[in-house]
Amino acid sequence: MALWAAGVRVLTRHLGIQPESSAVLLGEIIGSWLVLNALLLGLKTWYRRRYSPFRDIPGPEPGPWLYGHAFDIFDEPLGRRITDWGNAQAYPHGLMHFFGLFGVSYLVPTSPAALAEVLSTRAYDYVKPAGFKRFTRRFWGHGIVSQEQEEHRLHRKTYQAVFNQGNIAQARGPLSTKSRQLVDRIHGLCAPSPSHSAIVPVTQLTARVSLDVTGLIALGVDFETILDRNPQVLEAHEALFAGSRDKRTLFALYNAAPRWLGGLIPLRVARRMDEASRVLRGACRQAIRSRAAVKANGQRLDFVAHLVQQGLYDEEAAISQIMVILGAGYESTGGTLAWILYCLATHPDSQAALRQEVRSRSRPMDESDYEALPLLNAVVLEATRLYPAFSFLLRKTIRATAISGRAIPRGTYVALCPHMVNHARHLWGPDVEAFRPERWVDRSSPAGPKLDATGGASAAVCMLSFFSGARSCVGRALALALMKRQVALLVDHFQLDPVGGTPQASGLFATSPPADLHVRFTQVR
Ligand code: HEM
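Note that the structure is predicted; figures quoted are calculated from it, not measured.

1. Quick notes on the overall build of the protein
So, point 1. A count of helical and extended segments in the protein gives 23 helices and twelve strands.
So, point 2. Computed over C-alpha atoms, the radius of gyration of the protein comes to 26 Å, within 12% of the 24 Å expected from 2.2 N^0.38 for 525 residues, which places it in the range of a compact globule.
So, point 3. Structurally, the protein occupies a C-alpha span of about 95 × 55 × 50 Å along its principal axes.
So, point 4. Burial analysis of the protein (525 residues in total) assigns 52% to the buried set.
So, point 5. Considering only residue pairs separated by 6 or more positions, the protein has 72% of its internal contacts joining residues 24 or more positions apart.
So, point 6. Within the protein, one finds 59 positive and 43 negative side-chain charges whose respective centroids are separated by 5 Å.

2. Concerning the site of the ligand
So, point 1. Around the ligand, the structure places 28 residues, and the nearest of them are H152, R156, T333, R395 and C473.
So, point 2. In this structure, an oxygen atom belonging to the ligand sits 3.3 Å away from a side-chain N or O atom of R471.
So, point 3. Contributions of two or more residues to the shell around the ligand are made by α7 (149–163), α17 (315–346), β5 (393–397) and α23 (476–493).
So, point 4. Per-element tally for the shell around the ligand: the top contributor is α17, with six residues.
So, point 5. A breakdown of the residues in the shell around the ligand according to their chemical character gives 15 nonpolar, nine polar and four charged.

3. Here's the deal with helix α10 (residues 202–219)
So, point 1. An ideal rise of 1.5 Å per residue puts 26 Å on 18 residues; α10 measures up with 26 Å between its terminal C-alpha atoms.
So, point 2. Positive phi appears at G220, one or two residues downstream of α10, with a value of about 75°.

4. Thoughts on the UniProt feature "binding site: heme" (unreviewed entry) in the protein
So, point 1. In the numbering adopted here, UniProt assigns the feature "binding site: heme" (unreviewed entry) to C473.
So, point 2. The residues touching C473, leaving out its near neighbours within four places in the chain, are F466 and F467.

5. Description of the sheet that holds strand β12 (residues 518–523)
So, point 1. The strand order across the open sheet built from three strands is β4-β12-β11, with neighbouring strands paired in antiparallel fashion. Every interior strand has two partners, whereas the edge strands, β4 (197–201) and β11 (494–498), have only one. Taken pair by pair, the neighbouring strands of this sheet meet at an average axis angle of 30°, ignoring direction.
So, point 2. Relative to β12, β11 runs antiparallel, the two being bridged by five bridges. Bridged to P498 within β12 is V519.
So, point 3. Along the sheet face, α10 touches β4 and β12 and points at about 70° away from the line of β4.

6. Let's talk about the domain arrangement of the protein
How big an interface is tends to be stated in terms of the accessible area lost upon association of its parts.
So, point 1. Per the domain assignment, the segments making up the protein are domain 1 (1–51) and domain 2 (130–523).
So, point 2. On a C-alpha basis, the centroid separation for the pair domain 1 and domain 2 is 50 Å.

7. Focus on helix α20 (residues 374–386)
So, point 1. The terminal C-alpha atoms of α20 lie 18 Å apart, and with 13 residues this matches the ideal 18 Å at 1.5 Å per residue to within 8%.
So, point 2. Within α20, 13 of the 13 residues are buried, which leaves the element mostly enclosed by the surrounding structure.

8. Regarding the UniProt feature "transmembrane region" (unreviewed entry) in the protein
So, point 1. Here the UniProt-annotated "transmembrane region" (unreviewed entry) positions come out as residues 23–43.
So, point 2. In this annotation, residues 23–43 is assigned 100% helix and 0% strand; the end-to-end C-alpha distance for the span is 30 Å.

9. Observations concerning the coordination of the iron atom of the ligand
So, point 1. From the protein, the iron atom of the ligand takes a single donor atom, C473 (SG), 2.3 Å away.
So, point 2. On the secondary structure map, C473 appears in the loop between β10 (450–451) and α23.

10. A look at the pairing of β12
So, point 1. Sheet topology note: the β4/β12 ladder contains five bridges and is antiparallel. If you follow S197 over to β12, its bridge partner there is T522.

Criteria and thresholds
Residues numbered from 1 in each chain as written. Predicted model: local features only at pLDDT ≥ 70, side-chain atom pairs only at ≥ 80, totals over all residues. Heavy atoms only, no water. Helix = DSSP H or I, 4+ residues; strand = E, 2+ residues; numbered from the N terminus. Rg over C-alpha atoms; globule rule 2.2 N^0.38 Å. Buried < 20%, exposed > 50% of the residue type's maximum accessible area, 1.4 Å probe, protein only. Contact = heavy atoms within 4.5 Å. Lys, Arg positive; Asp, Glu negative; His and termini not counted. Charge placed at Lys NZ, Arg CZ, Asp CG, Glu CD. Near = heavy atom within 4 Å. Polar contact = N/O pair within 3.5 Å; in protein donor to acceptor, adjacent residues only side chain to side chain. Nonpolar A, V, L, I, M, F, W, Y, C, P; charged D, E, K, R; others polar. Expected span 1.5 Å × (residues − 1). UniProt positions renumbered as here; feature names shortened; annotations may be inferred. Pairing = 2+ DSSP bridges. Axes fitted to C-alpha atoms, helices over the stretch in contact; angles between N-to-C directions. Domains from an automatic or database assignment. Donors = N, O, S within 2.8 Å, 3.2 Å for Na, K, Ca; no water.

Below, the structure written as structure tokens:
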């Protein structure tokens, strides 16, 4: 810009057309600079679209010249348009291509082999987009979701030590306790009604249990929001993590505006989120400090205790990771659980069969029963398949790489779309849109039904809700353990019926059910 200004001054002096005032000169400099940039951008867009190395890869129609499908991909519910494109034609090399803003190319892996390459074999050839990382760093702190390469590899090991199956198995008792608190809460809502029923805002309640559980595993502290305690924590948590229209706008600005502008955006929502972040970090700090004595007693392993044990503890760095755990587990687990309850309410046959399976076990159910019941596991996985919490996530190559034998240059955007993969007819068959838990139950053995780990698809990666490989969800075992307990207890205690029309998913990163999703619960026990 400074160079351009100097050039304009020299040129106007040379041509003898110097403006009368410095304000006019400034206007000329800025105006001509904008025109030049628009021309360069137009040229770049034309070049990218004309000579894209991916033009031979199938995909939707190219879309408008200037912005391609940029608006389609961020349209709510996230991932829906890509799903339509995925089912509209065949993708022989496991790749789809479309244009976005200013002719930028996006590739979408569609086959299990291409997905495995991007997510596992060559996972560290990719990073998350800079706008996403700036956004999460400002409001959550620098945790595992914004860490890359060696830093990510290192911290992931710390997470795995806490979130592995063995450690989560030790936490089954507290998970069952939290699930019973949810059941008790709904009993409380039904109690005054002569019909023993209540219309329950499920998304709001399931989010609270998720927050309590993530607090337990992250900090070793139960916020007890399901019991209406710590309202300031719940409020800050919602302000920070729940999706909303103004947060979407802010996120879009972080992605589209230049880096230096991102931190200066004076939007009210940004200030609200800064304040919420301050409150939540403060609550975490207080919780950590007040439990120093508990740690010395050697209690069950939580994230903070693990860091202390390993000599890795640094308070501010730990709080950033804890914020990530609280955020990553909140909308995803709470939202998915709400979708499961909605699916059961709208599929009374599956609900009745599940109730029968749960009641076939002695009461209270043994902790190991939750893993063993095939239909319970199937119901949870099938709803999680249909409603993946993260529907669309972007990556960018940081070095030249390859997908399905095709060279992919550095700087290429690769879109991962769990919604498209989970809804792909070529992977799941013609009934892909149906809620059919039976696809996860293998009845071929005379020993009795058991869980089919891939749901009848050809590979585990076809169910992409938890991702796969190097950046897969570390909280998978915890989320499944919690959701199974809640679903089993709820269908044992209540009949679930739908209320209102078809709910629409929305959200910032996680695709959640609407905040006002209601289900009618009627006591049957
Ligand atoms: C149904 C519930 C859940 C779903 C569907 C889900 C899904 C996902 C997905 C798709 C990712 C990859 C995101 C990306 O790479 O951009 C992810 C990452 C992550 N999840 Fe989950 N998640 C769930 C629950 C949880 C819970 C309960 C926790 C923790 C308490 C958790 C912690 C994390 C963390 C820390 C990461 C980052 C992993 C990394 O970058 O290496 N998630 N999750």
